[in-house]
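# Tertiary structure, described
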Amino acid sequence: MLTRKKAEEIFTQVLKYSTAEETEAIIGSTSYSLTRFANNIIHQNVAEEGVSVSVRAVVDHRTARASTNKLDEASIREVCEAALALARTQPPDPGLLGMPGPQTFRSVDRFHPGTANLSPQARAEMVKKVVARAEKDHLTAAGILSSGSVASGVFNSRGLGAFHEETSSEFSVTMLGETSSGWAKAGSPNCESLDPELLADRAARKALDSHDPKEVPPSKYTVILEPSAVLDLLGFLFFDFGGLAVHEQRSCLTGRVGQKLFGDNIQVRDDVFHPLQAGAPFDGEGIPRQRVILVERGVVKGVVHARRTAQLMKTQPTGHGFPLPNDIGEVPMNIVMEGNKASVEDMIRSTERGLLVTRLWYIREVDPFQKILTGMTRDGTFWVEDGKIQYGVRNLRFNQSVIEMLNHVEMLGTPQRTAGEESFEMVVPAMKVRDFSFSSLTKF
Amino acid sequence: MNSLAQRALDTATAKGAGYADVRVLDIRQRYLSTRNGRASEVRESQSCGLGVRVIADGAWGFASTDDLTQGGVDRSAAQAVAIARASALCKKQEAILAPEEKVVDRWVAACRIDPFSVPVSSCLDLMLKVDAEIRAVAGITLSECSMDFRRIEQLFVSSLGSEIYQLKTQTGAGFVATSFQNNEIQRRSFPNSFGGQHQTRGYELVEEMDLVGNARRIAEQAVALHKADQCPSGVRDIILGSSQLGLQIHESIGHPIELDRVLGTEANFAGMSFLTIEKLNNLRYGSEIVNAVADATVAHGPGLGTFAYDDEGVPAQCTPIIKDGQFVGYLTSRETAAAVGQARSSGAMRAESWNRIPIIRMTNVSVLPGKGSLAELIASTDDAIYFETNRSWSIDDRRYNFQFGTEFGWEIKNGKIGRMLKNPTYAGITTEFWNSCDAICGPEEWVLWGTPNCGKGQPMQTMGTGHGASPARFRKVQVGVAYAG
């Protein structure tokens, strides 16, 4: 595992060999393991370790990046030379900013030694609990349990130094029955907060309760979206909250910042310091991340800005930029959506006719400005009538504007750290939404 | 590379592995992009490392490292064996592999112009010319152009005694013209969306694309789309352009035929497949004119799925997938082939890098050409919608229900191209769709497209796949449904 001291030593070497006007290095290490199971056995079980030194050179208003995973002196020299040579190939860019100087960071503690050192035997024992739950009801389990640690530092020749280390873990469980399936997933910087038996039981109950699914005709329905379904839909919206996306008019917020775009009950912020969040407190240039209000009472209050975008848009950087140079600009990736106190059970009880959706799958953007998304329900979709879950239903395809959806939210649950398969993890609530549009059925 | 790989193999074997293979990779990548008149992203990377895959106590383990010292390699090999023993705590039976012969070979993919030898300044000059042509069109709000070069050098050794060296160069390039007007974003890409065209070739691919010559025309289409009519909703005959058919093949043939999905090992993430074992040789997948292969051989062309040996050391093969409409073959590995009683793997195990385990991936999954030109196909069509260049794609986790959108459409009436249509979408059920295919254009229209961004596996692996396709017609397909709500 890379320490700050070791990273600083590597950066000293980088400075020794770099002849650029300004030099930045992102120095990182990864140690990651993943146990994968299916058909009630472990069928893949992997581990990786690696380091990277990524050098950005600036010369005559030009910049480029070169990266290597070799730490010997010759390789460090070569990567410095490569970054500078690449920078020199370009026409000058008058808008390129000089590198930032030293910054002050609020630290976050997201490193858990027990997660960093979780052994393959311990992971196997946790998986065995899931398999035991599956076999109790003649189900078949599949999923992953991962754990690992990353360390990453940003250093530059103007004296900036930022370093962060954290651990991560994920447990995802699918239970397959003869005619149905169920799913549950959780992620945390601390693997001790993952409960394999709870996840297994939740997935198993979904599979058992949705057996022999019936068809419901595609139409507009009230839907109860569990947090993972909410997460995966919202994940396609927040790339539009980057300042460069707005500036380049490729965002659905073009001309809409400051307008009321969503319902009164929609409030969203980006907040890396939230206790349920993960990630480093600085961005790809080493700028401290700020808390940013994105949506307040349905009004788009702000977007995030890297330094360059902030200058273009005459505002202040928020610390959300990707490492330079890049095509994207910036994205808020520590989304916290406010909720209310309704439970999923409350939402079910209040629903006359509708669908309960566990999870969505293969979501893609159909229309970039209306923000129409398409995708499928998966692993536990239920018909709700007269305040009760009635039966499982075959999976449906939706075509739904997520902007319209956020104007139709009738109930919100308690926000929770949520993991999905289509988007980065967020803190989001369950939602009850009216008039959610389904266009077709599939065969299972 | 050799001594490190052999050391890892020896260590794994000494630690108790019954089978072991080792891949040592050195991957160099250069990515260049321009954006509204300036160089945007100019970067290069090099990544070297080693991955050890073993069977010990009848179960699998894999470990990888970029610490290519003797100590680092020894640790990684020992770790792979320890992980396999942990896997054995949760197994039902021994891992069994279909037999394979020892191979000692060396293969270098054809590459006429090494893209890393082309000055970056020349690449940027070309991209900025494209950019200027795009931005010369009134109404364009964003101009993007990119080039992506990779050189992948790999040594594979296994406890069978195999020792295989392969060197591949991959090149990709393309541009996108975006226009925002009146609360609508329209985009046109060339020669394909999501990074353009990609093949296992050198810079000659870029030279053949005529990016500059096509830039203004494509940009004008992007702006013209604002005034085009909305694609109607209903049941219509459709013609898919070559690149869109390539993605249709990828999603609705390529993924369902992966035998690991069929056997359930992707159930948690990428999903399973409707092509359950009893359907092999017993399912009419498409109409009689539909013939598809999974072909990794050089003879098929320089696709992103072209190689000499897969990452289990199995020689590249051409596997019939659909023959005269009948489903006849899967993409397999040594383990999955054995599981279903097949004598040999079809050679489809591929890993993204040294730190990823090989899994079943598409090679070049292609629909073989029929006959006639696109002009002849259009001339023979009374009433249809032509779909060109993918914009959105989605399919359920067993690969039945799909929906695609394209950037652009034409209405075809009485054998002639009519009005332009915006926001075209179509949807269907896989086998119903392929059975509605009544015309496939000939070899003169066939292009081996590269899909560089196929995601599968946990941890996620991004892989390049190839898809040969020529334009094809399908009868009575649901169109426009995405905007009908």
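Residues numbered from 1 in each chain as written. Chains lettered and ligands numbered in written order. Predicted model: local features only at pLDDT ≥ 70, side-chain atom pairs only at ≥ 80, totals over all residues. Heavy atoms only, no water.

### Description of the pairing of strand β23 (residues 461-469) of chain B
All names here are of chain B. Of all the nine residues making up β23, eight are buried; the element is thus mostly covered by neighbouring parts of the structure. By the bridge criterion, eight bridges tie strand β22 (residues 447-456) to β23 in an arrangement that is antiparallel. Paired with Cys454 across the two strands is Met463, which belongs to β23. Here β22 folds back onto β23, and the loop between the two strands holds four residues, one of which, Gly457, carries a positive phi near 90 degrees. (Buried < 20%, exposed > 50% of the residue type's maximum accessible area, 1.4 Å probe, protein only. Helix = DSSP H or I, 4+ residues; strand = E, 2+ residues; numbered from the N terminus. Pairing = 2+ DSSP bridges.)

### Looking at empty space enclosed by the protein
As enumerated under the stated definition, the model contains five cavities of 30 Å³ or more in all. Roughly 290 Å³ of volume is contained in the second largest cavity. Together, 22 residues line the second largest cavity, and Leu96, Arg308, Leu324 and Pro325 of chain A together with Arg38 of chain B are the ones closest to its centre. When residues of the lining of the second largest cavity are traced back to their parent elements, those giving at least two are β3 (62-68) and α8 (307-312) of chain A together with β2 (38-56) of chain B. (1 Å grid on protein atoms, 1.4 Å probe; cavity = no way out; pocket = protein on both sides within 12 Å on 5 of 7 lines; lining within 4 Å. Points joined across faces, edges and corners; volume = space filled by probe spheres on them.)

### Comments concerning the domain arrangement of chain B
Residue and element names in this part refer to chain B. The domain boundaries assigned to chain B delineate domain 1 (2-227) and domain 2 (229-483). Computed from C-alpha atoms alone, the centre-to-centre distance between domain 1 and domain 2 is 21 Å. Across the boundary between the two partners, domain 1 contributes 53 residues, which contact 50 residues of domain 2. For the pair domain 1 and domain 2, the summed buried surface comes to about 4,100 Å²; carbon and sulfur atoms form 52% of the total. Where domain 1 meets domain 2, there are five salt bridges. Where Glu184 meets Lys422, a salt bridge forms, and the shortest distance between an N and an O atom there is 2.9 Å. (Domains from an automatic or database assignment. Contact = heavy atoms within 4.5 Å. Buried area = accessible area lost by both parts, 1.4 Å probe. Salt bridge = Lys/Arg side-chain N within 4 Å of Asp/Glu carboxyl O.)

### Let's talk about the sheet that holds strand β13 (residues 326-327) of chain B
All names here are of chain B. Strand order in the open sheet formed by four strands is β13-β12-β11-β16, with antiparallel pairing between adjacent strands. On the outer flanks of this sheet lie β13 and β16 (365-367), each paired with one strand and no other. As paired strands, strand β12 (residues 318-323) and β13 are joined by two bridges and run antiparallel to one another. Bridge assignment links Lys323 to a residue of β13, and that residue is Gln326.

### A closer look at helix α4 (residues 120-136) of chain A
Over its 17 residues, α4 of chain A runs 24 Å from end to end, which matches the ideal 24 Å to within 8%, given 1.5 Å per residue. Of all the positions in α4 of chain A, only Pro120, Arg123, Ala124, Met126, Val127, Val130, Val131, Arg133 and Ala134 of chain A are classed as buried. In this structure, the buried side of α4 of chain A is in contact with β1 (22-38), β2 (41-59), β4 (140-156), β5 (161-176) and α5 (196-209) of chain A together with α2 (70-87) of chain B. One or two steps after α4 of chain A, the chain reaches His138 of chain A, where phi turns positive at roughly 55 degrees. (Expected span 1.5 Å × (residues − 1).)

### Here we look at the interface of chain A and chain B
Contacts between the two partners involve 81 residues from chain A and, on the opposite side, 83 residues from chain B. Around 6,900 Å² of area is buried between chain A and chain B when both sides are counted, 52% of it from carbon and sulfur atoms. Counting across the interface, chain A meets chain B through seven salt bridges. Residue Glu48 of chain A pairs with Arg356 of chain B through a salt bridge whose shortest N-O separation is 2.6 Å. At the junction of chain A with chain B, the criterion picks out 45 residue pairs in polar contact (both at pLDDT 80 or more). Top element by residues in the side of chain A that touches chain B is β2 of chain A. It accounts for 11 residues. Looking at the side of chain A that touches chain B, its residues break down into 31 nonpolar, 28 polar and 22 charged. Examined bridge by bridge, β2 of chain A and strand β3 (residues 59-65) of chain B share four bridges and lie parallel to one another. Paired with Glu49 of chain A across the two strands is Thr65 of chain B, which belongs to β3 of chain B. (Polar contact = N/O pair within 3.5 Å; in protein donor to acceptor, adjacent residues only side chain to side chain. Nonpolar A, V, L, I, M, F, W, Y, C, P; charged D, E, K, R; others polar.)

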